[in-house]
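What the coordinates show
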Amino acid sequence: MACVNFQECKKNLGRTGRKRKKKDKQTHVGTGVNLSYRLEYVQLQRWLKLRGFTSCHLLPASFPDTGRGLMTTKELQAGDLIISLPESCLLTTSTVLKSYMGDYIKRWKPPVSPLLALCVFLIAELHFGTQSDWKPYIDILPKTFDCAAYLPGNITDLLPEPLRGKAKDQRVIVEELYLSSRKFFHSLQPLFTEQIDDIFTLDALRWAWSSVNTRTVYMKNTQSEFLSRDVDVYALAPYLDLLNHSATTQVTAAFNLNTRCYEIKAESRWRRYEQVFICYGPHDSQRLLLEYGFVLKRNPHSVVYVTENVLQSCMTNKDKLMTQKFCYLKENNFLENLTFGCDGPSWRLMTALKVLCLGPDDYSTWKQVLLGGPVSVENERMSFRLAQSVCNYLLHVNDKSLQKIDLMRLHNRGNLKEQLDLIQHLREEELLLLKYSAEMLTSHTP
C-alpha cells in the first residue's frame, strides 16, 4: 500500500456546511471579505447598540474556508476581551416569559420545555416580520440548515452507520416534538390573525429547533416554575453567534454576573484582520455534522466508528462462543466508542478484538483482557489481522458511498449539492484515517 501522509492529506479537506454562494459587491479586507456594509448587518449593529452593545473591532466577513464569520480589526492578545454581549441582547426563556407569549406559556399544563418555549418564540417573531422586535436578529439567521434534522432520507442513507442512526433519531425528535405540541400551538391562536396551523408547521419548528440547537451558547438560567424541569441552559446570542468553530482555539466563555454580560476572552493571539474563532468542544466530524451541519478540516478529534454490525460482518471463524463474547463486551460497555483515528486503531477497539480472538480455552482470561492484561503472541497476531479486516471492510464501505455520491450528483443536476459535498468531505476524511490505519497495521503486525 502506498504511504499516506495523513496530516498533509487532511489539509486538503474542506468545510462546506456554511459556505455562501451568492456573489455581490464586496470589499476585501485582509484574509476576509468585509460584509459589514450590507443592510442586514448595519441594521443588526444599530439594533444591538440600542440594547447597549458596541463592537468596534469585530466585523462580519466572508472567508473562503468557513463562509460567514467575524474578523478582528485590531490585534488581540491572550487575556483580551473578544466580545461582551449585554444580557439585554440575549434571547433566553426569561425573554420569552416576559413577552406577549409569557401568559400563554404560564397557563399551559403540563409546562412546556425551555427548548420549546424558545422555538415557539422564534417562529412567532419570524411570522411577525417587520412588526417583530427581534427582526434584525431573525434576518441574519440561516433560512435552512445542514444539520441532520434537515437532511433528506436519500442523503441520510449515505452517512456512516452510527451517524445514520443518530441523524434519523434527530428527525424523529423534531417530528415527535411537533406532534406532541400541536395542542399548545393552538392555544396561541388569539395572538395571530392567521390560522395557527399555517404558522406553526413542521418546517417552521424544524427551523426554530435547528436555530436553537446550532446557535445557542451555554448559560445556566434560573429554573422557572412555569417551564418543565428540563435543563435550561440555552441563550441565543446575536452577533456573538457569528463566531465560527476551531478545534484548536482556546478561549474562555461565560456569563459574567458582575457585568451582566456574556463574555469571551482570548487565550491566544490573533493578528489584525484574522478570523476570530471559538471552540464548540472537542467534537469529531460526525458530531459536528450531526449537530451543526459542517465538517471541519484538519480536525484532530476525527475518528471512524466501528459498530457491532461491522465486527459481526468481519468475523469469519466459526467460534461457538462468539455470541457470548459479544454479549460480554456489551455488558461491559465495550461495543461503544470503538474507533480508528489519527493514531490508528484505538485501545478500546484492539481490546475488544483481543476478546473476540480468544480461544475456547481462554474463558477465564476475558476479564483480564478487558482490564489490559497480557495476551498470547497468537492472540496478538489474530487481533491485528482482524483489525486489518475491519479496516479494509470500512474502506470498501466508504468507497461505495463515494461512488453513490457521484451518481447522485449526475442525476440531481446540482440539487442537493451542498448536502452531497458535506457527506463527501466526511467520507473522504474517514478514508484518510482508514488508509493511515491500514498502513500502520500492515507495518506493525506481529
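Above this text is the structure in question.
Structural notes, computed from the coordinates. (Residues numbered from 1 in each chain as written. Predicted model: local features only at pLDDT ≥ 70, side-chain atom pairs only at ≥ 80, totals over all residues. Heavy atoms only, no water.)

What follows covers the pattern of salt bridges. According to the stated counting rule, one finds 15 salt bridges in the structure shown. For the salt bridge of Asp421 with Lys417, the shortest nitrogen-to-oxygen distance reads 2.6 Å. With Asp421 and Lys417 both in helix H18 (residues 417–444) and four residues apart, this pair spans about one turn of that helix. The structure contains a network of salt bridges with shared partners spanning Asp406, Arg409, Lys417 and Asp421. (Salt bridge = Lys/Arg side-chain N within 4 Å of Asp/Glu carboxyl O. Helix = DSSP H or I, 4+ residues; strand = E, 2+ residues; numbered from the N terminus.)

Taken across its six residues, strand S3 (residues 58–63) has six buried, putting it largely inside the fold. Neither face of S3 is exposed, since Leu58, Pro60 and Ser62 on one face and Leu59, Ala61 and Phe63 on the opposite face are all buried. Looking at chain direction, strand S2 (residues 32–34) and S3 are connected through two bridges and run antiparallel. Among the inter-strand pairings, Asn34 is bridged to a residue of S3, identified as Ala61. Between S3 and strand S4 (residues 67–72), which pair antiparallel one after the other, the connecting turn spans three residues. (Buried < 20%, exposed > 50% of the residue type's maximum accessible area, 1.4 Å probe, protein only. Pairing = 2+ DSSP bridges.)

As a further point, take the sheet that holds strand S9 (residues 251–256). If you walk across this open sheet you meet the three strands as S5-S10-S9, and the pairing is antiparallel. In the strand order of this sheet, the two ends are held by strand S5 (81–86) and S9, each with one partner. Mean inter-strand twist for the sheet, computed between neighbouring axes without regard to direction, equals 10°. Bridging between S9 and strand S10 (residues 261–266) involves six bridges; their strand directions are antiparallel. Along S10, the bridge assignment pairs Val251 with Ala266. (Axes fitted to C-alpha atoms, helices over the stretch in contact; angles between N-to-C directions.)

Here we take up helix H12 (residues 285–292). Most of H12 sits inside the fold, with seven of its eight residues counted as buried. Looking at the buried side of H12, the elements it contacts are helix H8 (161–180), helix H11 (202–215), strand S8 (244–245), strand S12 (304–305) and H18. Two or three places before Gln286, at the start of H12, stands the capping residue Asp284, its side-chain oxygen 2.9 Å from that residue's backbone nitrogen. (Contact = heavy atoms within 4.5 Å. Polar contact = N/O pair within 3.5 Å; in protein donor to acceptor, adjacent residues only side chain to side chain.)

In this chain, Lys109 is followed by Pro110 through a cis amide linkage whose omega measures -5°. Relative to the assigned elements, Pro110 resides in the loop between helix H4 (102–107) and helix H5 (114–128). For Arg298, which is not glycine, the phi torsion reads 55° and is therefore positive. Within the fold, Arg298 resides in the loop between H12 and S12.

Right, let's talk about the packing of aromatic side chains for a bit. With the rule as written, the count across this model stands at 17 aromatic pairs. With a centroid separation of 5.7 Å and an interplanar angle of 75°, the aromatic rings of Phe192 and Phe200 are classed as edge-to-face. We classify Phe192 as buried; its relative accessible area is 7%. Ring centres 4.8 Å apart and planes at 45° place the aromatic pair Tyr280 and Tyr292 in the tilted group. Highlighted residues: Tyr280 in the loop between strand S11 (275–278) and H12 and Tyr292 in helix H12, separated in sequence by twelve residues. Judged by relative accessible area, which is 18%, Tyr292 ranks as buried. Through a chain of ring-to-ring contacts, three or more aromatic side chains come together here, namely Tyr100, Trp108, Phe121, Phe128, Tyr178, Phe184, Phe185, Phe192 and Phe200. Across the ring face of Trp134, the terminal group of Arg51 is positioned such that the distance to the ring centre comes to 4.6 Å. Directly above the ring of Tyr104 sits Arg107, whose terminal nitrogen or CZ lies 4.9 Å from the centroid. (Phe/Tyr/Trp six-rings, centres within 6.5 Å; stacked < 30°, edge-to-face > 60°. Lys NZ or Arg CZ within 6 Å of the ring centre and 35° of its normal.)

Looking now at the sheet that holds strand S14 (residues 344–345). In spatial order, the strands read S12-S13-S14; together these three strands make up an open sheet with antiparallel pairing. This sheet does not close on itself; its edge strands, each paired only once, are S12 and S14. Bridge analysis of strand S13 (residues 339–341) against S14 gives two bridges, and the strand direction is antiparallel. Bridged to Phe340 within S14 is Pro345.

It is worth spelling out helix H14 (residues 322–331) at this point. Inspection of H14 places Met322, Lys325, Phe326, Tyr328 and Leu329 among the buried residues, and these make up the whole buried set. Seen from one end, H14 has its buried residues packed into an arc of 160°, which puts them on one side. Residues Thr323, Lys330 and Glu331 are exposed on H14 and point more than 90 degrees away from its buried face. Buried residues in H14 make contact with helix H13 (308–314), helix H15 (347–356) and helix H16 (366–370). At the C-terminal side of H14, Asn333 shows a positive phi close to 60°. (Arc of directions from axis to C-beta.)

None of the figures reported here should be taken as evidence of function without further support.
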